[in-house]
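Okay, here's what each chain looks like letter by letter:
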Amino acid sequence: MSRRDTEDTLINESIHVDDLDPEQELKVTFYPPLYVQRRLWVLNFLRTGSIAQASRRIPRDQKVLDVGCGEGQLLSVLCQPAPWLRPPPPEILPLSPIDSIDSPALGDEVIWLHPTVVHGLDVSSEDLAFALREIAPIATEEPTCNSVFRSSYSTHTVRWDDLQVKVWKGGLQTINEEFVDIECIVSTEVIEHLPPDILPAFAPILLGVYHPHLLLITTPSYTFNARFLAPDAPKSSRQGFPDPTGRTDRIYRHDDHKFEWTVEEFETWCHAAAAEWGYEVTTSAVGKAMEKDPWGRDDHLGGASQAAAFRRLESTSNLERERKGREIASRLGFINDRHELLASYQHAAHPSSMKPKPLSVIGDAIKSRMEQFKVAFIRLEEIWFEHDIAIMCGGWIECLAEAADRSDHLRLNRSDGMRKERSTWTIELIGATQTPTVLWPTEEGMSEDVMAPDDWLPEEETSAEDSDWEEPTGHEGDVSWNEGKEDEGTEGQTSYGDWGFKPSLSPVHWSGAQEAWGSDTKASPEGTDSPTDGWEGDHSEDTS
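- The name given to the protein chain in an unreviewed UniProt entry is Small RNA 2'-O-methyltransferase, with Amanita muscaria as the source organism.
- UniProt's Cofactor (unreviewed entry) comment on the protein chain is quoted here verbatim: "Mg(2+)".
- Under Catalytic activity (unreviewed entry), UniProt gives the following word-for-word description of the protein chain: "small RNA 3'-end nucleotide + S-adenosyl-L-methionine = small RNA 3'-end 2'-O-methylnucleotide + S-adenosyl-L-homocysteine + H(+)".

Below is the structure:
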């Protein structure tokens, strides 16, 4: 587990001022863990910021660089395929008049990311070894037929977009020509680790030479550190690490932090950098404590991490940004270094991607599958995960909807009576009766085609509410099985993400996706009794 991702979940206790020892540090709980909250903040911006603002029907390259990628937790999330492609171009499937691009009925409730190139950069060989394992392509097999209800569910999500992933070793002060004019750069909990001779290169290279559409950074908030002590606590009560530069008497959260900015200092640096390099910036806080502060300081102290989103202004020339950035890098003496490319992986899209069958063929396949299931209604997004159906659609769920809408045997219901989001759409088999296939033994023994009990309702068979599966977490749809460790405070919980619906037939098709919690497999330190527990939790001695 990387230094940024180790967050101890502490017991939530009722705190009363009269019961507190003013010289003892307070325990503070973050849930979800602080590193998860930072990752969710990044994913939210990737979905709603410039990387997702290109025309939905005119895809462009979406390139992302994670500076200080560590063990690759964010990289592994970005490598997970979206469940379907972006909407097809008009020459493939023209929109009907009622389906304007702004129609809420057309779009997903989750904005899926479709990166084309993902880069990771770090200085730690140990961390990068884990990153390489996280993002390496996984060999998958075509699903096999097990039963009528699980005839074609895949244990891996089908990939519809090509993706190239590159992992580099080196410092951010080195110019990498592949990063120039990249769409988005992410740098979480990195800037505070930069030595005094490297820090001056941060903005000139990232905002100047590379000039991304979007730069996302987070860093610990020194202002928040007061949350761990009573207002009148003596300075000797603070545990942690003294400012290694000797410029201040501040106590930091990690022994490798070269500084920790107050809210005011962070905002000053951000606005100065934005003005110099032609960006607009918005700052915010991530990581509020679960417990209320006994002295009512929560609003004033803000979050444990500070965050900033830089958006490029087109009023400034990219050539001018790049020229100025290169000049500064040259003066700093970093111009001749080179990054080492450790690996370049190609995640190939399924051969059927963007090659849909005729809508009539897709409609007949839907009808046949519903007859096989013996159901009169099925959710649109549920039939999508019938592997061969999605293959016929070439990865475009819009083709599935249009095929159902045009079929003489099917009816596409675009609302559940209250909501119009596509996750509520259903396909009706015209003239069918709801006689479901049931997979349980009868008096004649096991059968795949038996009559249901008189009181059987389809909703009872297919609803996740009556199963052992957990509710989706709502954490932006990136889900995983969390192979390896489980985060403290989440034992026994499994997240399937906000796909917009609950798994109702078989959960196996969820296993190929990745949640914001990541799939960390490196064991956390055992028996750690660090004075920074509950803060940033940076136990690793590796630096970036």
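1. A look at the overall build of the protein chain
Part 1 of the argument: The helix and strand tally for the protein chain stands at 12 helices and 13 strands.
Part 2 of the argument: With 544 residues in all, the protein chain has 55% of them scored as buried.
Part 3 of the argument: Long-range contacts, defined as pairs at least 24 residues apart, comprise 80% of the intrachain contacts of the protein chain with a sequence gap of at least 6.

2. What about the nonpolar core?
Part 1 of the argument: Judged by nonpolar contacts, the single largest core of 39 residues is most densely connected at Ile185, Leu206, Leu207, Tyr210 and Phe310.
Part 2 of the argument: Secondary structure elements with two or more residues in this core: strand 1 (63-67), helix 4 (202-209), strand 5 (214-220), helix 5 (263-277), strand 8 (279-286), strand 9 (305-312) and helix 7 (318-332).
Part 3 of the argument: With 6 residues, the top contributor of residues to this core is helix 4.
Part 4 of the argument: When residues no more than four places from it in sequence are discounted, the contact partners of Leu207 are Phe202, Pro212, Leu215, Ala273, Trp277, Tyr279, Phe310 and Arg321.
Part 5 of the argument: Listed in part, the 36 residues of the second largest apolar core include Val375, Leu380, Ile383 and Leu410.

3. Points about the packing of helix 4 against helix 5
Part 1 of the argument: Between helix 4 and helix 5, whose axes approach to 10 Å, the crossing angle comes to 45°. What the angle tells us is that helix 4 and helix 5 run oblique. The interaxial crossing formed by helix 4 with helix 5 has right-handed handedness. Residue-level inspection shows Phe202, Ala203, Pro204, Leu207 and Gly208 of helix 4 in contact with helix 5, the latter providing Trp269, Ala273 and Trp277.
Part 2 of the argument: Grouping the constituent residues of the contact of helix 4 with helix 5 by class yields 7 nonpolar, 1 polar and no charged.

4. Looking at the state of the cysteines
Part 1 of the argument: One pass over the full model with this rule turns up 0 disulfides.
Part 2 of the argument: Summary of cysteine pairing: Cys393 is not part of a disulfide, and the nearest cysteine sulfur, belonging to Cys399, is at 5.9 Å.
Part 3 of the argument: Residue classification places Cys393 among the buried positions, given a relative accessible area of 0%.
Part 4 of the argument: Residue classification places Cys399 among the buried residues on the basis of a relative accessible area of 3%.

5. Comments concerning the pairing of strand 2 (residues 117-122)
Within a regular strand, the side chains alternate between the two sheet faces.
Part 1 of the argument: With 6 of 6 residues buried, strand 2 is to be regarded as a mostly interior element.
Part 2 of the argument: The alternating pattern of strand 2 places Val117, His119 and Leu121 and Val118, Gly120 and Asp122 on opposite faces, both of which are buried.
Part 3 of the argument: Bridge count between strand 1 and strand 2: 5 bridges; the pairing is parallel. Note that in strand 2 the partner of Lys63 across the bridge is Val117.

6. Brief notes about the packing of helix 4 against helix 7
Part 1 of the argument: Axis separation between helix 4 and helix 7 bottoms out at 8 Å; the angle between their running directions is 155°. Here helix 4 is positioned roughly antiparallel relative to helix 7, judged by the angle of their axes. In the packing of helix 4 onto helix 7, the handedness of the crossing is left-handed. Across from Pro204, Ile205, Leu207, Gly208 and Val209 in helix 4, the residues of helix 7 making contact are Arg321, Glu322, Gly325, Arg326, Ile328 and Ala329.
Part 2 of the argument: Looking at the contact of helix 4 with helix 7 residue by residue, the classes come out as 6 nonpolar, 2 polar and 3 charged.

7. Observations regarding the sheet that holds strand 11 (residues 377-379)
Part 1 of the argument: Read from one edge of the open sheet, 3 strands run 11-13-12, paired in antiparallel fashion. Across the chains shown, the open sheet's two edge strands, defined by having one partner strand only, are strand 11 and strand 12 (410-413). Looking at each pair of strands side by side, their axes are set apart by 25° on average, direction ignored.
Part 2 of the argument: Pairing analysis gives 4 bridges linking strand 12 to strand 13 (residues 426-429), with the strands arranged antiparallel. Note on strand 13: the bridge partner recorded for Asn413 is Thr426.
Part 3 of the argument: Lying over the sheet, helix 8 (residues 359-373) contacts strand 11, strand 12 and strand 13, oriented at roughly 75° with respect to strand 13.
Part 4 of the argument: Packed onto the sheet, helix 11 (residues 397-406) meets strand 12 and strand 13 and runs at close to 125° relative to strand 12.

How each quantity is defined
Residues numbered from 1 in each chain as written. Predicted model: local features only at pLDDT ≥ 70, side-chain atom pairs only at ≥ 80, totals over all residues. Heavy atoms only, no water. UniProt positions renumbered as here; feature names shortened; annotations may be inferred. Helix = DSSP H or I, 4+ residues; strand = E, 2+ residues; numbered from the N terminus. Buried < 20%, exposed > 50% of the residue type's maximum accessible area, 1.4 Å probe, protein only. Contact = heavy atoms within 4.5 Å. Core = buried A, V, L, I, M, F, W, Y, C linked by side-chain atoms within 4.5 Å. Axes fitted to C-alpha atoms, helices over the stretch in contact; angles between N-to-C directions. Parallel < 35°, antiparallel > 145°, perpendicular 65-115°, else oblique. Left-handed = near helix turned anticlockwise from the far one by under 90°. Nonpolar A, V, L, I, M, F, W, Y, C, P; charged D, E, K, R; others polar. Disulfide = S-S within 2.5 Å. Pairing = 2+ DSSP bridges.

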